[in-house]
Amino acid sequence: MEHLFAPWRMQYILSSCGEDKKDEGGSGCIFCDFPKLDRDEEKLILFRGKFCFVILNAFPYNPGHLMVVPYRHTADFCSLSFDESSELFALSQKCHEVLTSLMKPDGFNLGMNLGRVAGAGIDQHLHLHVVPRWNGDTNFMPALGEVRVVSEALSSTWKRLKEVWN
């Protein structure tokens, strides 16, 4: 059996359990804690709106994988106010625009996983995924090796997206 070492995954494992945030005095929810910090580039926050923010997924399916997140901590989609849901979808459209302009994807996946059983990695704070897709972007690695290959460093993607966003 071959071993593929991915030590950076420990950050994801710990953050999904909330352990690393509790150690910093945070709430244990990255979507609540990250916007309170003044470290947008480090935390990959691309844009801050009035009710929602846009953040690059630190464990992306593809380069440019963004998430639109309400500031208010809720897992209940139906509890979103008109203003929150309006901005959530307006920012999703802006993400689509920016990613189309910069990365020229052939399509997109947009969606929310509401609840752990639906596949939510962070199930207590809803968020909408905007994932650019390209013809031929699937390969044998996810299917056979259960491994995703991301072709660009997150910091590079963030900088390129930030330039186009502004």
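Every value quoted in this text rests on a predicted model; they were computed, and no experiment measured them. (Residues numbered from 1 in each chain as written. Predicted model: local features only at pLDDT ≥ 70, side-chain atom pairs only at ≥ 80, totals over all residues. Heavy atoms only, no water.)

Q: Can you help me understand the overall build of the protein chain in this one?
A: Within the protein chain one finds seven helices and five strands. Buried residues in the protein chain amount to 34% of all 166 residues. Of the contacts made within the protein chain by residues no fewer than 6 positions apart, 59% connect residues no fewer than 24 positions apart. (Helix = DSSP H or I, 4+ residues; strand = E, 2+ residues; numbered from the N terminus. Buried < 20%, exposed > 50% of the residue type's maximum accessible area, 1.4 Å probe, protein only. Contact = heavy atoms within 4.5 Å.)

Q: How should the packing of aromatic side chains be read in this particular structure?
A: Aromatic rings in a pair are described by how distant their centres are and how their planes are angled relative to each other. A complete count under the given rule lists two aromatic pairs for this structure. In this structure, K94 packs its charged tip against the face of W165, placed 5.6 Å from the ring centre. (Phe/Tyr/Trp six-rings, centres within 6.5 Å; stacked < 30°, edge-to-face > 60°. Lys NZ or Arg CZ within 6 Å of the ring centre and 35° of its normal.)

Q: Quick question: what am I supposed to make of the packing of helix α5 (residues 82–103) against helix α7 (residues 154–165) here?
A: Between α5 and α7, the shortest axis-to-axis distance is 10 Å and the interhelical angle comes to 110°. As summarised for this structure, α5 and α7 are arranged roughly perpendicular, according to the angle between their axes. Contact residues: α5 offers L91, K94, C95, V98, L99, S101, L102 and M103, while α7 offers T157, R160, L161, V164 and W165. Grouping the amino acids of the contact of α5 with α7 by side-chain chemistry returns nine nonpolar, two polar and two charged. (Axes fitted to C-alpha atoms, helices over the stretch in contact; angles between N-to-C directions. Parallel < 35°, antiparallel > 145°, perpendicular 65-115°, else oblique. Nonpolar A, V, L, I, M, F, W, Y, C, P; charged D, E, K, R; others polar.)

Q: Would you explain the nonpolar core in this entry?
A: Soluble globular proteins tend to bury their nonpolar side chains together. If you look at the biggest cluster of nonpolar residues, it comprises 30 residues, and the most contacted ones within it are F31, V54, I55, L66 and V68. Of all the secondary structure elements, the ones that give two or more residues to this core are α3 (30–33), β1 (45–48), β2 (52–56), β3 (66–70), α5, β5 (128–133) and α7. In terms of residues, this core owes the most to one element, α5, which gives six residues. The contacts of V54, once residues within four sequence positions are left out, are L44, I45, L46, F47, L66, M67, V68, L91, C95 and W165. (Core = buried A, V, L, I, M, F, W, Y, C linked by side-chain atoms within 4.5 Å.)

Q: Just to check I follow, could you spell out the environment of T74 for this structure?
A: Locating T74 in the fold gives a position in the loop between β3 and α5. In sequence terms T74 and Q124 are 50 residues apart; their C-alpha atoms lie 6.3 Å from each other. Not counting residues within four places of it along the chain, the set of residues in contact with T74 comprises S79, L80, Q124, H125 and L126. Within the local environment of T74, its side chain forms a polar contact with the backbone nitrogen of D76, the two atoms lying 3.0 Å apart. (Polar contact = N/O pair within 3.5 Å; in protein donor to acceptor, adjacent residues only side chain to side chain.)

Q: What exactly am I supposed to notice about the pattern of salt bridges here?
A: When their charged atoms lie close together, side chains carrying opposite charge are able to pair. Per the counting criterion, the structure on display carries six salt bridges. In this structure, the salt-bridge partner of R48 is D40, at a minimum N-O distance of 2.7 Å. Residue classification places D40 among the partly exposed positions, given a relative accessible area of 21%. Salt-bridge contacts for R72 lead to E84; the nearest nitrogen and oxygen are separated by 2.9 Å. Highlighted residues: R72 in the loop between β3 and α5 and E84 in helix α5, separated in sequence by 12 residues. The partly exposed category is assigned to R72, whose relative accessible area is 33%. Residues joined by salt bridges that share partners form a network here, namely R39, E42 and K43. (Salt bridge = Lys/Arg side-chain N within 4 Å of Asp/Glu carboxyl O.)

Q: Looking at this structure, how should I read a nonpolar patch on the surface?
A: A contiguous nonpolar surface patch, about 260 Å² in accessible area, is contributed by F77, F89 and L114. With respect to the secondary-structure elements, F89 resides in helix α5. Looking at F89, the relative accessible area reads 40%, which means it is partly exposed. (Patch = residues over 30% accessible without salt bridge, like charges linked within 9 Å, V, L, I, M, F, W, Y side chains within 5 Å. Areas by Shrake-Rupley, 256 points an atom, 1.4 Å probe, with all protein chains shown as cover.)

Q: Please explain unusual backbone geometry as it appears in this structure.
A: The bulk of non-glycine residues show a negative phi, and the bulk of peptide bonds are trans. Of note in the backbone geometry, L44 takes a positive phi value of approximately 70° without being a glycine. Mapped onto the elements, L44 comes out in the loop between α4 (40–43) and β1. One non-glycine residue, K104, adopts positive backbone phi at about 50°. Residue K104 is classed as exposed on the basis of its relative accessible area of 57%.

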